[in-house]
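Close look at the chain arrangement
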Amino acid sequence: MLGGGHVLHPKMRAAILDSIERLASIRAKICIDQNAMKKGVIPKDQQERFHQRGDYFEFNGYLLPSESISITMNGKIVDAIHLLQGGAIMANSQARSQITTSDINLMHPPIRTTENTVSINHYLLRRSKEIIGSNDPNRKHSKKLQKIITFENMYKRIGIADGTRKQKFDARKIALKILDFFVESNFITGYSVNQKNDSAYSVSIDF
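Now for a look at the structure at hand. Bear in mind the structure is a predicted one, so any value in this text is a computation, not a measurement.

With that settled, the discussion passes to the environment of Phe 181. Residue position: Phe 181 is located in helix α6 (residues 165-184). The class of Phe 181 is buried, set by a relative accessible area of 12%. In sequence terms Phe 181 and His 108 are 73 residues apart; their C-alpha atoms lie 9.3 Å from each other. Apart from the residues within four sequence positions on either side, Phe 181 is in contact with Asn 105, Leu 106, His 108, Pro 109 and Pro 110.

Encoded structure:
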C-alpha cells in the first residue's frame, strides 16, 4: 500500500523502510501549559487526561514507535512492520481532535508510483482535507481556510523548493493529474488553476 500497489520496486522498498527507521529514531517533547488549555488547544472533554491538578503537561516520546522483521519467503523478501501504539505526534493529535481519515483509494491515483508522486499525492490529499474540514459549517470555532493551494508551498513540502524549472513543471503536471483523479473520485467537485506573472501560481478547489 505504501508503495502504491502489489508490486514494490526495490528503490521504493528501501525508501519506505528508511523513512520509518528515521521516524522511529526521533524523540519529540510536547509541552502544554494552562494558558494553552484556556485557548482551547486541547478540547475541554479531553483535558482531564492531561491535567489532574497541575497546570503543566509534558509528553515525551518517539514520533513513530515501531518494530519490524524481514524474511525471505519463496525467494521473495517480505517486510513486516508493526507500528506500536501511540507515539508523540499521534497522542498529541488525538488530544487536539486533529486526526483525519479518507478513502484509501484516494492514496492510489492512476500514475506511476515514485517518491515524488507519493509526496505530491499525500500533500494534496492532506491540504484538501484541511480546507474542506475548516469550511464545515458544523465547525463553528475553527478558522476557515482559503480554498487555495499554492504550488510554491507544494514545492517546499515535497522538497523541491530549490529544484529546477523542469522538476517544478513535472510536479505541477503530476499535481493536476492527481486533482483530476480527486474529481473523478467525487472527493472534490472541481478545481481551477490561477496564474500570476504569466505562470501557474496556485489551484482553487471546489467541494
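From this point, the narrative continues.
What follows covers the pattern of salt bridges. Applying the stated criterion across every chain yields a total of 5 salt bridges. Note that Arg 22 is salt-bridged to Asp 18, the shortest N-O span being 3.1 Å. One end of the pair, Arg 22, and the other, Asp 18, are both in helix α1 (residues 10-25), 4 residues apart, so they sit about a helical turn from each other. Of the charged contacts in the structure, one is a salt bridge between Glu 130 and Arg 126, with a shortest N-O distance of 3.0 Å. Here Glu 130 and its partner Arg 126 are both found in helix α4 (residues 115-134), 4 residues apart, which amounts to about one turn of the helix. By relative accessible area, which is 31% here, Arg 126 ends up partly exposed. Salt bridges linked by common partners bring Arg 126, Arg 127 and Glu 130 together as one network.

About the cut-offs
Residues numbered from 1 in each chain as written. Predicted model: local features only at pLDDT ≥ 70, side-chain atom pairs only at ≥ 80, totals over all residues. Heavy atoms only, no water. Helix = DSSP H or I, 4+ residues; strand = E, 2+ residues; numbered from the N terminus. Buried < 20%, exposed > 50% of the residue type's maximum accessible area, 1.4 Å probe, protein only. Contact = heavy atoms within 4.5 Å. Salt bridge = Lys/Arg side-chain N within 4 Å of Asp/Glu carboxyl O.

The values reported here are purely geometric and, on their own, carry no functional implication.
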